[in-house]
Amino acid sequence: MKIGIPAEVDRNESRVAATPETVKKFVALGAEVAVQSGAGLASRIPDAEYEAAGGRIVASAADAVHDADLVLKVRRPIAGELAAYRKGTVVVATMDPYGNEAAVKAMADAGLTAVAMEFMPRITRAQVMDVLSSQANLAGYQAVIDAASEYDRALPMMMTAAGTVPAARVFVMGAGVAGLQAIATARRLGAVVTATDVRPAAKEQVESLGAKFVAVEDEEFKQAETAAGYAKPMSAEYQAKQAALIAEHIKKQDIVITTALIPGRPAPRLVSAAMVASMKPGSVLIDLAVERGGNVEGAVPGEIATTEGGVKIVGHLNVSGRIAATASQLYARNLYAFVETLVDKASKQLAINFEDELVKATVLTRGGAIVHPAFAPKET
Ligand code: NAD
């Protein structure tokens, strides 16, 4: 079994899909691993560490992938990369397929078996493979670090000889994996933390971290979680009631961190320009949903926008990639845990059971066609 690890081509991508730790494990499984020179540099991994782990350093992405049975990536291969792949290669990456149907088709046309790690079911067996959780957790942490560095005041209450400094007020919107880590991190830094979510289950989790829960808790709220544990889109009426409550609350906040997502849809707009304008100069908003359209009006992908009122809206892209060395370490472990289940230990070859529920949930393209039910052409 040949595994290829090309460098990421997106200039915003600092992560890498394999680390020396996972290369060593793949080699122990019987694989030959080719790593493109420099693939790990942005995650502080020099070529020599991959070599010491048993990997082979190759000069180009084409050298890493052209004869690979399996290619591991952070992001899906784009048009310019696909020519180097041979038909039948299995590519495991975060595929970001919603809204990118042409890119999915291009992978099908190239004959790849494209596996989308973000579709891994959230069941106990697959927790160790859950890239959404591992990366969202780090993004939630990094959001608070970014907020603290953009904020020109202290976060904790400080009692000094020169007088007392009040604690910063941090409001976290969306208390999923990223939001809960943001709450915990802001609490560790001494902020006074409140949080909101549309899923009732989030209330207890928020409170267990020592933050106060803020939401309109009506009948619709009590039904707002899908069987898979995700948020449902809320009615216009609920959103209006919630917005009125949030508008009052946001005025008093120093830092707002938004993380709200709904799978397969644009991010819900939670903070209006008027709400931003109601905040004090020097306040900071971090929009972790900016890549999905943004929770905050005025958030610009990849930029820090400052309003006329002196409020900063931070729209960093790929926030887990801002803590790349750790993000790569966890992402690579997620991939190893999944790939290990695809390998026949006796023959040391890929032996994918396409009936396995994890495989069924994640395979997007195979044999020249789009096979995932969410993207396959509908029969008429
Ligand atoms: P996500 O990234 O899809 O969304 C982030 C948060 O935004 C969610 O908590 C969601 O409810 C919230 N949100 C959506 N619309 C909102 C709105 N209008 N206002 C406020 N908040 C809004 O979610 P996630 O972090 O992937 O977590 C989703 C669920 O999956 C959670 O229940 C989480 O605990 C669960 N989970 C389970 C497992 C597992 O069992 N293996 C692993 C990870 C997460």
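The structure presented is a predicted model; accordingly, all values stated were derived computationally and were not measured.

**Remarks on the site of the ligand**
In the vicinity of the ligand lie 29 residues, with Gly-174, Gly-176, Val-177, Ala-231 and Ala-260 positioned nearest. Only α6 (131-150) and α7 (177-188) provide two or more residues apiece to the shell around the ligand. Classifying every residue of the shell around the ligand gives 17 nonpolar, eight polar and four charged. Residue assignment places the shell around the ligand across two domains, with domain 1 (2-130 + 323-367) and domain 2 (137-322) each supplying three or more.

**Overview of the packing of α6 against helix α12 (residues 324-340)**
Contact pair α6 / α12: the axes reach a minimum separation of 9 Å and the direction vectors enclose 170 degrees. As judged from the angle between their axes, α6 and α12 are roughly antiparallel. Between α6 and α12, the contacting residues are Val-131, Ser-134, Gln-135 and Leu-138 on the first element and Thr-326, Ala-327, Leu-330, Tyr-331 and Asn-334 on the second. Counted by class, the contact of α6 with α12 contains five nonpolar, four polar and no charged residues.

**Considering the domain arrangement of the protein chain**
Many structure descriptions define interface size as the accessible area lost when the parts assemble. Here the protein chain is described as being made up of domain 1 (2-130 + 323-367) and domain 2 (137-322). The distance between the C-alpha centroids of domain 1 and domain 2 comes to 33 Å. Counting residues at the interface gives 10 residues for domain 1 and 10 residues for domain 2. Tallied by class, the residues present in the side of domain 1 that touches domain 2 amount to four nonpolar, three polar and three charged.

**As for the sheet that holds strand β15 (residues 312-314)**
Taken in spatial order, the seven strands make up an open sheet running β11-β10-β9-β12-β13-β15-β14, and their pairing is mixed. The open sheet has two edge strands, β11 (212-213) and β14 (304-306), and neither has a second partner. Running over the sheet, α7 touches β9 (169-173), β10 (192-196) and β12 (255-258) and is turned about 170 degrees from β10.

**Quick notes on the pairing of strand β1 (residues 2-5)**
Relative to strand β2 (residues 32-36), β1 runs parallel, the two being bridged by four bridges. Note that in β2 the partner of Gly-4 across the bridge is Ala-34. With two bridges connecting them, β1 and strand β4 (residues 70-75) associate as parallel partners. In the sheet register, Gly-4 faces β4, and the bridge partner there is Val-71.

**Quick word on unusual backbone geometry**
Of note, the phi angle at Asp-96 is positive, near 45 degrees, even though the residue is not glycine. Mapping Asp-96 onto the fold places it in the loop between β5 (90-94) and α5 (101-109). The exposure class of Asp-96 is partly exposed, given the 15 C-beta atoms found within 10 Å.

**Considering the sheet that holds β4**
Two strands in a sheet stick together by hydrogen bonds in their backbones, pointing the same way (parallel) or opposite ways (antiparallel). One open sheet holds the eight strands; their spatial order is β3-β2-β1-β4-β5-β6-β18-β19, and the pairing between them is mixed. Because the sheet does not close on itself, it has two edges, and the strands there are β3 (56-58) and β19 (369-370). Of the strand pairs in this sheet, β5 and strand β6 (residues 113-116) are connected by four bridges, and their pairing is parallel. Paired with Val-91 across the two strands is Ala-114, which belongs to β6.

**A short note on the nonpolar core**
Core analysis: the biggest nonpolar cluster contains 109 residues, and Ile-5, Val-92, Val-172, Ile-183, Ile-257, Leu-285 and Leu-335 have the highest contact counts within it. If one sorts the elements of this core by residue count, α12 sits on top with nine residues. In this structure, this core is formed jointly by two domains, domain 1 (2-130 + 323-367) and domain 2 (137-322), each of which donates at least three residues.

**A short note on the packing of α6 against α7**
The N-to-C vectors of α6 and α7 enclose an angle of 35 degrees; their axes lie 7 Å apart at closest approach. Here the hand of the crossing between α6 and α7 comes out right-handed. Listed contacts from α7 to Ser-133, Ala-136, Asn-137, Ala-139, Gly-140, Tyr-141, Ala-143 and Val-144 of α6 are Val-177, Ala-178, Gly-179, Leu-180, Gln-181, Ala-182, Thr-185 and Ala-186.

**Regarding α5**
Along an α-helix, a turn takes 3.6 residues, which lines up residues three or four apart on a common side. Those residues of α5 not exposed but buried are Val-104, Met-107 and Ala-108. For α5, the angular spread of buried residues about the axis comes to 105 degrees, placing them on one side. The inward-facing, buried residues of α5 abut β6, β18 (363-366) and β19. Positive phi appears at Gly-111, one or two residues downstream of α5, with a value of about 80 degrees.

**Topic: the pairing of β2**
Most of β2 sits out of view: four of its five residues are buried. Of the crossover connections in this fold, the one passing from β1 over helix α1 (residues 20-28) to the parallel β2 is right-handed. Relative to β3, β2 runs parallel, the two sharing three bridges. Looking at the pairing, Ala-34 lines up with Arg-56 of β3. Tracing the backbone out of β2, into helix α2 (residues 47-52) and back to the parallel element β3 gives a crossover that is right-handed.

**Here we look at the environment of Tyr-85**
Mapped onto the secondary structure, Tyr-85 falls in the loop between α4 (79-82) and β5. C-beta crowding within 10 Å serves as the criterion here: with 22 such atoms nearby, Tyr-85 is assigned to the buried category. Remark: the alpha-carbon pair of Tyr-85 and Ile-257, spanning 172 residues in sequence, is separated by 40 Å. In contact with Tyr-85, not counting residues within four places along its chain, are Val-65, Pro-77, Ala-110 and Leu-112.

What counts, and where the lines are drawn
Residues numbered from 1 in each chain as written. Predicted model: local features only at pLDDT ≥ 70, side-chain atom pairs only at ≥ 80, totals over all residues. Near = placed C-beta within 6 Å. Helix = DSSP H or I, 4+ residues; strand = E, 2+ residues; numbered from the N terminus. Nonpolar A, V, L, I, M, F, W, Y, C, P; charged D, E, K, R; others polar. Domains from an automatic or database assignment. Axes fitted to C-alpha atoms, helices over the stretch in contact; angles between N-to-C directions. Parallel < 35°, antiparallel > 145°, perpendicular 65-115°, else oblique. Contact = placed C-beta atoms within 7 Å. Pairing = 2+ DSSP bridges. Buried ≥ 20, exposed ≤ 12 C-beta atoms within 10 Å, placed from the backbone. Core = buried A, V, L, I, M, F, W, Y, C linked by C-beta atoms within 7 Å. Left-handed = near helix turned anticlockwise from the far one by under 90°. Arc of directions from axis to C-beta. Right-handed = clockwise from strand over helix to strand, strands pointing away.

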